[in-house]
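Observations on the three-dimensional arrangement
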Amino acid sequence: MAWLVWSPLAANLVLGLLGPWIARSLPPGMAVRLVPIAMVVVAMGTGTVLATLGFLSFAQVPEVARLGSWSASRLGAEQPWPVAAEAMAGTGAALLLAAGFHTTARMVRELFRVAGTARRLVPGPDGVVIVPGAVPDAYTLPALPGTPARVVVTTAMLHALDGEESRVLLAHEAAHVSGRHHLYVQAAHLASATNPLLRPTARAVRFAVERAADEAAARRLGNRRLVARALARAALAKAAALRADDLDEGSTGTASVSLSATGGHVAQRAAALLEPAPRPRRAIAVGLLALTTITLLGSSVAVDQLDDRLDQAELPAPVLSSSSYGGSQTIASVLSGP
Ligand SMILES: [Zn+2]
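Let me begin by describing the structure that accompanies this report. This one's a predicted model, so the numbers in the text were calculated from it and none came from an experiment. (Residues numbered from 1 in each chain as written. Predicted model: local features only at pLDDT ≥ 70, side-chain atom pairs only at ≥ 80, totals over all residues. Heavy atoms only, no water.)

A few points about the packing of aromatic side chains
Worth spelling out the cut-off: Each aromatic pair joins two rings of Phe, Tyr and Trp (for Trp, the six-membered one) with centres within 6.5 Å, and gets the label stacked for planes under 30 degrees apart, edge-to-face for over 60, and tilted for any other angle. We call a charge positioned above a ring when the Lys NZ or Arg CZ atom is no farther than 6 Å from the ring centre and deviates by at most 35 degrees from the ring normal.
One pass over the full model with this rule turns up 1 aromatic pair. Across from the ring centre of Phe207, 4.4 Å away, lies the NZ or CZ of Arg24, which sits over that ring.

Below is the structure:
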């Protein structure tokens, strides 16, 4: 089962290459839940394997070996690859970990900023916050401890859509809230920050989140064509307003952790709504779960093997022999003193 050690790295490659296809092939609701979990497990598994390799090279530094009471030469003699490769793996793990901390700190700062914004917003009786604004927009601010989620719609968006289309938009945003979609988007973003190979998959998760909200709105209103039309009209109205004011998407004040109804590939989303509802793809889901399970096993085997290597290289504890103290003196008497 030694090959399992390398399975997190292989899974990383598979998810990096096939992740976008997997996210688009699974029904959106399933992709939103399964793909980010697989990404986090694979990113952590890859980090674990690289860190264990790096630790093996670190453990051969004489001062570290002395502290750990193991033989640096015995540790080095049994490894089939050069110590420089292990050192590179360890450096890679440290850099990826630093990127993960940096991204986490940025996400926490952003969430605090959003929480401050959400607390100042006063919802109407239907729970929706309507804000004045010349740019048609609708987005969801995530729920945070002490701050409920907020669905925000600008007055310009309400003017751009008719009554039925506005209901579509609100159903779409409500699906983001009930599905806790921002958690999955943040998990995928964090996994891709610690593992650049997973960035295309993180973008596919963002798309899947929008598709899942579209499908939820279509189920709620029972009309896929209406949802496609509302999306297209909302996106066109927003694009026209941005063009008229010579603004770009980031200048509308929408927080980056929010989920906007017009965010991402609206034409593809509308086209998907004109097709029948997606069918479950159990074989792909089972394959993704198998990949996740193998990665977890591989990470565990990597840690076990590191532990075994260190145990095997451990130096024997110094033994006090009676001869050291003049033959007739026993160890017990030495320990008990004169
Ligand atoms: Zn959305």
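More follows now that the structure is in view.
As for the coordination of the zinc ion
Our working definition: The donor definition counts N, O and S atoms within 2.8 Å of each metal and applies 3.2 Å to Na, K and Ca; water is not among these atoms, so some sites may look incomplete. Helix and strand labels come from DSSP, where a helix needs a run of H or I of at least four residues and a strand needs a run of E of at least two; each type is numbered from the N terminus.
Taken together, the protein donors to the zinc ion comprise His172 (NE2), His176 (NE2) and Glu210 (OE), at separations of 2.0 to 2.1 Å. Mapping the donors of the zinc ion onto the primary sequence gives the spacing H-x3-H-x33-E. Separated by 4 residues within a single helix, His172 and His176 lie in helix 7 (residues 163-178), roughly one turn from each other.

What about the side chain of Thr201?
What counts, and what does not: Relative accessibility under 20% of the residue-type maximum defines a buried residue, over 50% an exposed one, and the middle range a partly exposed one, all with a 1.4 Å probe and only protein chains included. It only takes one pair of heavy atoms within 4.5 Å for two residues to be counted as in contact.
Its place among the elements puts Thr201 in helix 9 (residues 199-221). A residue is classified by how much of its surface remains accessible, and Thr201, at 0% relative accessible area, is buried. For Thr201, the contacting residues outside a window of four places in its chain are Leu15, Gly16, Gly19, Pro20, Val35 and Met39.

Observations concerning the pattern of salt bridges
Just so we agree on the cut-off: Think of a salt bridge as a Lys or Arg side-chain nitrogen and an Asp or Glu carboxyl oxygen that are within 4 Å of each other.
Inspection of every chain in the model, using the stated rule, returns 9 salt bridges. Residue Arg229 is joined to Asp162 by a salt bridge in which the shortest nitrogen-to-oxygen separation is 3.7 Å. With Arg229 in helix 10 (residues 224-244) and Asp162 in the loop between helix 6 (155-160) and helix 7, this pair connects stretches of sequence that are 67 residues apart. Accessibility expressed as a relative area gives 39% for Arg229, which makes it partly exposed. As a salt-bridge pair, Arg211 and Glu215 come within 2.9 Å of each other at their nearest N and O atoms.

With respect to the pairing of strand 2 (residues 138-141)
Formally: At least two bridges found by DSSP between two strands is the condition for calling them paired.
With burial as the criterion, each face of strand 2 is covered, one bearing Ala138 and Thr140 and the other bearing Tyr139 and Leu141. As judged from the 4 bridges shared by strand 2 and strand 3 (residues 150-154), these two strands associate in the antiparallel manner. Note on strand 3: the bridge partner recorded for Tyr139 is Val152.

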